[in-house]
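Working through the structure, step by step
Single-letter residue listing:
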Amino acid sequence: MDWNTLEEACRSCNRCELGRTRTNCVFGTGSKTAELMFIGEAPGEQEDKMGIPFVGRAGQLLDKYFEAVGIERSEVYIANILKCRPPQNRDPLPAEQDTCIEYLRGQVSLIRPKLIVCLGRIAAMRIIRPDYRITLEHGQWIERSGVAMTAVYHPSLLLRDPRKREDMLVDMKEIKARLDAVRASASGSR
Ligand code: URA
């Protein structure tokens, strides 16, 4: 499936109840050729209003980390497991994730990122391992089918618990170092 077909299918999706309550489908944002992809959980209120992931308070904090380590939003791709907002920002239901993850799979196979970063526990449990423990394992990398993956704290957790912000900075610096290394090895092999 090509990008436009995938995006169109997602924007008109009514495969679960969330299609009825959304204002906008939040498909994703950034570069379709990004080496680095961030995957969050689901849109919140602001994201639902604007149709863009991570634009609310959590997103603004994420932007500060991008700035601190020298990553531009436009050079990475940011998407969520769910493309529609769950009412009152409740956790995505397993059935909603099962239905919606096909769109994310499509995005990943078209973008073909070298690095995938899960934002928060819910994304990590879906993408990396169902028993993923974010407090113990954040910032550790695994390799799967040639893609290096990690998870970091969700920025909304960092809003609630600022003591975790230092760990986040360490993890984000490593993400940027890996992005630089991926690019250096790609330009060396050209
Ligand atoms: N939280 C998420 O997981 N995704 C968003 O897009 C916004 C907040």
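Residues numbered from 1 in each chain as written. Predicted model: local features only at pLDDT ≥ 70, side-chain atom pairs only at ≥ 80, totals over all residues. Heavy atoms only, no water.

What to know about the confidence of the model for the protein
Definition in use: The pLDDT value tells you how sure the predictor is about a given residue, anywhere from 0 up to 100. Segments assigned H or I by DSSP are reported as helices when at least four residues long, segments assigned E as strands when at least two residues long, and all are numbered from the N terminus.
In this model, the protein carries a mean pLDDT of 97, and residues with pLDDT of at least 70 account for 100%. Confidence, expressed as mean pLDDT per element, reaches its minimum in the protein at helix H2 (residues 18-21) with 96 and its maximum at strand S4 (residues 115-119) with 99.

Describing the environment of Leu82
To keep things clear, this is the line we draw: The buried label applies to any residue whose accessible area, calculated with a 1.4 Å probe on protein chains only, is under 20% of its type's maximum; exposed applies above 50%, and partly exposed to all values in between. By the convention used here, residues are in contact when the closest approach between their heavy atoms is within 4.5 Å.
If you trace the backbone, Leu82 turns up in the loop between strand S3 (77-80) and helix H5 (94-111). Given the relative accessible area of 1%, Leu82 is considered buried. The residues contacting Leu82, other than those within four sequence positions of it, are Leu18, Glu41, Ala42, Pro43, Pro92, Glu96, Gln97 and Cys100.

Points about the pattern of salt bridges
Quick note on the threshold: Criterion for a salt bridge: a side-chain nitrogen of Lys or Arg within 4 Å of a carboxyl oxygen of Asp or Glu.
What the rule picks out here adds up to 16 salt bridges. A salt bridge links Lys49 to Glu45, with the nearest nitrogen and oxygen atoms 3.9 Å apart. Taken together, the residues span about one helical turn, with Lys49 and Glu45 both in helix H3 (residues 45-50) at a distance of four residues. Close ionic contact of Asp180 with Lys176 constitutes a salt bridge, the shortest N to O distance being 2.8 Å. Highlighted residues: Asp180 and Lys176, both in helix H9 (residues 165-188), separated by four residues, approximately one helical turn. On the basis of relative accessible area, Asp180 is assigned to the partly exposed category, the value being 36%. Looking at Lys176, the relative accessible area reads 18%, which means it is buried. Overlapping salt bridges bring together Glu35, Glu75 and Arg183 as one network.

Let's talk about the sheet that holds strand S6 (residues 147-152)
Applicable threshold: Following DSSP output, two strands are said to pair if at least two bridges run between them.
Strand order in the open sheet formed by six strands is S1-S3-S2-S4-S6-S5, with mixed pairing between adjacent strands. With partners counted over all chains shown, the strands left at the sheet margins are strand S1 (29-30) and strand S5 (142-144), one partner each.

Overview of the nonpolar core
To keep it simple, the criterion reads: We call a set of buried Ala, Val, Leu, Ile, Met, Phe, Trp, Tyr and Cys residues a nonpolar core when their side-chain atoms join them within 4.5 Å.
By size, the foremost hydrophobic cluster in this structure holds 56 residues, and its most contacted members are Leu36, Phe38 and Ile175. Ranked by the residues each element gives to this core, the list is headed by H9, at six residues. Ignoring anything within four residues of it in the chain, the contact list for Phe38 reads Phe66, Val76, Tyr77, Ile78, Ala79, Val117, Leu119, Met172 and Ile175.

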